[in-house]
Amino acid sequence: MQAPATAGPAELTVSGTLQTIVRSSKAGSVEIGVLTGIGHALRVVKCTAEPATPIMRKGKSARLADLQAGEILRMRYRPSAEGNRALEIEVVSLGDDR
Amino acid sequence: MKRGWVSLLPAVILAVSPALTGCRKAPRPGDPLPGLTEEQRNLFQAGRKVAAREFTPETGLGPLFNAPSCGECHEEPVLGGRGDEVETHVARLRPDGVCDPLADKGGPVIQQHVTPALHQALGIDSEPVPEEATGRAVRTSPDLFGFGLLDAVSDETILSYADPEDRNKDGISGRPNRFVDGRLGRFGRKAFVPTLLEFVEGAFVAEQGITNPAMPTEELVGGAPIPPGVDPVPEPEIDAETVAAADAFVRFLAPPAPLRRAREGKRGEALFARIGCAACHVPVLKTGDNPVRALRYKGVAAYTDLLLHDMGPDLADICLGLATPSEFRTEPLMGLHLMTVFLHDGRAKTIEEAILLHGSEGTAARDRFRALDSSERAALDKFLGSL
């Protein structure tokens, strides 16, 4: 689990729940908000994802449009002064007990 | 000299007699678990000091906080016990069914106090409640005794009690909650937090405004960052060693020893099982393998399954993770004899009142309780009051 970036590492990984999906003015890209944190100290990491951002679900490639709020993601992203940019997204499945 | 030895003798005999007889003295509230190594006991004592330490803005407190020390809210009858403070949690249950704990608006914990510098900057005395909140919850401060043993129960053990589809048709359908990353939750009234260490790390930030290596960013003030110049201490405000000590203090607190039960209490224990309370308040959970010997393969008489159960609309407050507003984790009943108010928000002033407020999945057991005669009710109360 990684809290929001405070310094400037090249890449970070976050695991959390996809909270928000907002269409960006840039063609096809979306801003996603991933809920993360420690205990009851929760934070939202906002990130821009492009149509070309690799997304995997159950070992298969998925599309940006398939992402749904409430899903659990593991996301690699690059922080920058212009904002965070998603590099790779994996949709994490839960067991049948959910 | 000789006379001195003689006068000391009774004290020496008393001190060693439990060892001689093989009896182990029951731990008192605030004692460490029996069987800890010297190193673990030392860490426990170091953690006790961290828990008692009163932080100030100059040592990391705030700018938003609920209390300046762990001990402020966990103090009765000793450090690590319950407190009379209540706090506010909020969340928004969205129309699409997703629970939003309003983290980007400062939730889910709404801090009741601010440092003088934050007051001066923003003119507020507490964190504002986000207007987007669809639910608002009151939370009492529970005692922390025996939490290390709860942490040591395996996920598989907890999941073995789950019956989300109520396949056995007993009207009880416990289900696990999940943290934001999908791991099984178990701590907190909504069973949201997966591990004790994370609960401690998160509490430093959410309750005291003290950042640490696991969470190096401060809380937002109603969604806005802390104004510049208000927080004088660089992040993280405490180091990993301090967190580890606090974690050890909570982890190694012994569970409260139940009071001695006479015949009436034993009758109450049988009634507890007979009317169905034990279906959710599972009397004993077994811990799994653990690096700490004192936590490994132990039975903990916690009277919980650590799962979510629907308690009905009258108790409903906020969603959190997968928990709906009316779902709560089965409250552990260990240490009930130390409590003065009951349920997650302290609204019940007696054990009987708390039982009668059970709804939905608790309805059948509650109705069977209602049908008991006065002597049976008294016996059940006696049993519960001994836990």
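Residues numbered from 1 in each chain as written. Chains lettered and ligands numbered in written order. Predicted model: local features only at pLDDT ≥ 70, side-chain atom pairs only at ≥ 80, totals over all residues. Heavy atoms only, no water.

*Asks:* What am I meant to see in a negative patch on the surface here?
*Replies:* Residues and elements named next belong to chain B. Where like charges cluster on the molecular surface, the negative patch consists of Glu 54, Glu 72, Glu 75, Glu 76 and Asp 84. The topology assignment puts Asp 84 in strand E2 (residues 83-93). Classification of Asp 84 by relative accessible area gives exposed; the value is 65%. (Patch = residues over 30% accessible without salt bridge, like charges linked within 9 Å, V, L, I, M, F, W, Y side chains within 5 Å. Areas by Shrake-Rupley, 256 points an atom, 1.4 Å probe, with all protein chains shown as cover. Salt bridge = Lys/Arg side-chain N within 4 Å of Asp/Glu carboxyl O. Lys, Arg positive; Asp, Glu negative; His and termini not counted. Charge placed at Lys NZ, Arg CZ, Asp CG, Glu CD. Helix = DSSP H or I, 4+ residues; strand = E, 2+ residues; numbered from the N terminus. Buried < 20%, exposed > 50% of the residue type's maximum accessible area, 1.4 Å probe, protein only.)

*Asks:* Would you mind going over the nonpolar core with me for this structure?
*Replies:* If you look at soluble globular proteins, the nonpolar side chains tend to sit buried side by side. Residue and element names in this part refer to chain B. One finds Leu 33, Phe 204 and Phe 252 to be the most contacted residues of the largest nonpolar core, which totals 52 residues. Those elements that provide at least two residues to this core are helix H2 (38-52), helix H5 (147-151), helix H7 (196-208) and helix H8 (240-251). Element by element, the count of residues in this core is highest for H8, at six residues. Filtering out sequence-adjacent residues up to four positions away, Leu 33 remains in contact with Leu 149, Arg 251, Phe 252, Leu 253, Ala 254, Pro 255, Ala 294 and Leu 295. Grouped together as the second largest cluster of nonpolar side chains are 24 residues, Leu 271, Phe 272, Ala 278 and Leu 315 included. (Core = buried A, V, L, I, M, F, W, Y, C linked by side-chain atoms within 4.5 Å. Contact = heavy atoms within 4.5 Å.)

*Asks:* I tried to follow the interface of chain B and chain A on my own but got confused; where do I start?
*Replies:* Contacts between chain B and chain A engage 37 residues on the former and 26 residues on the latter. Both faces combined, the contact of chain B with chain A buries some 2,600 Å², and carbon together with sulfur accounts for 66% of it. A per-residue breakdown of the area chain B buries against chain A is headed by B:Val180, B:Asp181 and B:Met215, which together make up 22% of the total. The interface formed by chain B and chain A holds seven residue pairs in polar contact (both at pLDDT 80 or more) in total. Those elements that provide at least two residues to the side of chain B that touches chain A are strand E3 (99-100) and H7 of chain B. (Buried area = accessible area lost by both parts, 1.4 Å probe. Polar contact = N/O pair within 3.5 Å; in protein donor to acceptor, adjacent residues only side chain to side chain.)

These figures come from the coordinates and say nothing about function on their own.
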